[in-house]
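The chain contents come next:
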Amino acid sequence: MNKHYATYSRSNDCFSSNCPDVFTRASGCHVTADDGREFIDFGMALRSVILGYCYPKVDDAVKKAIDKGISFTRSNPYEGELKELLKAIIPCCEEVKFGKNGSDATSAAVKLARAYTGKDIVLIPEECPFFSTWDWFIADTPVSDGIPWDDSTRKYSYNKMTCCGVDLEKILKEESHNIAAIILDPATVDITKEKLQYIRGLCDKYGMVMILDEVISGFRYSLNGVQGLYGVVPDLCTLGKAMGNGYSISALCGRKELFDLGLRDKGNVFLLSGTYFSETTGLAASIATIKELMEWHSFASVGDRMKPSLITAHDKLKATGGAIIAFTREYIKKNGLEEHVSIGGFPACPMMKWKDLRLKTIFDWKMIENGILMPYIAPSLSHDANETYKTLDTIDDAMSFVKYALTGDLDKFIDANCRGHVERPIFRRC
Ligand SMILES: Cc1ncc(COP(=O)(O)O)c(C=O)c1O
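Residues numbered from 1 in each chain as written. Predicted model: local features only at pLDDT ≥ 70, side-chain atom pairs only at ≥ 80, totals over all residues.

Undergrad: Please give an account of the overall build of the protein that cites residues and values.
TA: The helix and strand inventory of the protein stands at 14 helices and 17 strands. Taking 22 Å as the expected radius of gyration for a compact globule of 430 residues, we find that the protein reaches 22 Å, a close match to that expectation. Counting the 430 residues in the protein, one finds 45% classified as buried. (Helix = DSSP H or I, 4+ residues; strand = E, 2+ residues; numbered from the N terminus. Rg over C-alpha atoms; globule rule 2.2 N^0.38 Å. Buried ≥ 20, exposed ≤ 12 C-beta atoms within 10 Å, placed from the backbone.)

Right, dumping it as structure tokens:
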């Protein structure tokens, strides 16, 4: 079969070489490769499948939508229904525009912020790896060829609250007349209420728009996102991924005053628009996914390492991810790997960080060998106790494998045990 990778993060260099290239079936949290191998999946299609693959309530809603016709010459009832649902649950959401992916939504947010403030520069956190495939973001990565010169973003450090090594507020005192917005992806940093409030305060004080990119955190951290969980409301937020349980849907939400600039009788911003942006499968999937997240509950525990009780969808996501964080920390410690790898983050969205991609490759190799596909960790409602235990045991095993690898020459180890292939970062120059 011809390999074709429509997405950089699905390509060979993001996986160990024993990982299958092509998957043909998925159900719950189980996936089957074209060579017949089966895996427990913790990647869940780039963290988009939050309920589980082939989730009947979502797929049935989509099939019903298909039977009624998926695209119309004007609007359809799903747009209005999803808009009202988002307005009810997303704190900053006075207005909504729908899209099909996160990149378009974050880029529309940036455009709106620039138009609203009349300023150009957007502050991007250096700790967050990705916001958009659009030029405003890619221009400041190592793969910027083909983009006209663009100097309209600056990096800031979320961890240190600095910009170019200088205290962020000091920079703002001098430069805020040029700065339109601060953007943040709360899922890839250690988010705290205090830091969110600090950023909110800076935006208010210096006339900047606060953009919260909730493409990963939305519907995963809580039904109301990070903004609901911490009670800090941005001016604009973007949603995608878990919003449609894998179906293509995204949204830009925010304050009406800003959105008005995208209405043709009130402003001149060409906001979000596309032939397929009101196509009904993604909208229907999103309505069904959000309703299921609201209604889901279980009396079952996530396993005998937890006390049984009545749990909600987000309790379960947190319990599964929390167990992975806690036990993985133990395995890291047990194997003396603290200086090489760490795990943390919000329980429903654990983040494992390796200092050396050679070690991540060795770890991933062992995980794949034992039937776990875990390039990153996205717990879903379909990960039950059995799958979580098997994954924990495999992580334990894989950490010991890494420890063993570290007793000798790593490159030789990879040549001998991992076919010489090392995973590589997506953003790199050739
Ligand atoms: C934080 C964040 N924002 C935006 C995007 C872009 O979303 P999409 O791939 O749907 O365009 C991603 C994708 O991984 C993301 O992680």
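Structure's up, so let's keep going.
Undergrad: So what about the sheet that holds strand β2 (residues 30-33)? Which residues, and what values?
TA: Strand order in this open sheet of four strands is β1-β2-β3-β17, and the pairing throughout is mixed. The open sheet has two edge strands with one neighbour each: β1 (23-27) and β17 (372-373). (Pairing = 2+ DSSP bridges.)

Undergrad: I'd like to hear about the environment of glycine 322, residue by residue, with values.
TA: For glycine 322, the location among the structural elements is in helix α11 (residues 313-334). Along the chain, glycine 322 and lysine 97 lie 225 residues apart, while their C-alpha atoms are 34 Å from each other.

Undergrad: Lay out the domain arrangement of the protein with the relevant residues and their values.
TA: The domain boundaries assigned to the protein delineate domain 1 (56-292) and domain 2 (298-430). On a C-alpha basis, the centres of domain 1 and domain 2 stand 29 Å from each other. Counting residues at the interface gives 12 residues for domain 1 and 10 residues for domain 2. Class assignment of the residues belonging to the side of domain 1 that touches domain 2 gives a composition of six nonpolar, four polar and two charged. (Domains from an automatic or database assignment. Contact = placed C-beta atoms within 7 Å. Nonpolar A, V, L, I, M, F, W, Y, C, P; charged D, E, K, R; others polar.)

Undergrad: Now, about the site of the ligand: what can you tell me, with residues and values included?
TA: Asn101, Gly102, Ser103, Thr106, Phe130, Phe131, Ser132, Asp185, Asp213, Val215, Ile216 and Gly240 make up every residue found near the ligand. When residues in the shell around the ligand are grouped by element, the largest group, three residues, is from helix α4 (residues 102-117). Residues that form the shell around the ligand fall into these classes: four nonpolar, six polar and two charged. (Near = placed C-beta within 6 Å.)

Undergrad: Please set out the nonpolar core residue by residue, giving values where relevant.
TA: In terms of nonpolar packing, the biggest core is built from 123 residues, with Ala113, Ala181, Val209, Leu236 and Cys253 touching the most fellow members. Sequence-distant contacts of alanine 181, that is, excluding residues within four places in its chain, are made with Val110, Ala113, Val122, Met208, Val209 and Ile211. (Core = buried A, V, L, I, M, F, W, Y, C linked by C-beta atoms within 7 Å.)

Undergrad: Tell me about the sheet that holds strand β7 (residues 162-163), residues and numbers included.
TA: Strand-to-strand pairing in sheets goes through backbone hydrogen bonds, with the strands running parallel or antiparallel. Spatial ordering of the open sheet is given by β4-β12-β11-β10-β9-β5-β6-β7-β8, a layout of nine strands whose pairing is mixed. Either end of the sheet is taken by a strand with one partner, and the two such strands are β4 (95-99) and β8 (166-167). Pairing geometry for strand β11 (residues 236-239) and strand β12 (residues 250-254), over four bridges, is antiparallel. Its bridge partner being in β12, threonine 238 is matched across the sheet by leucine 252.

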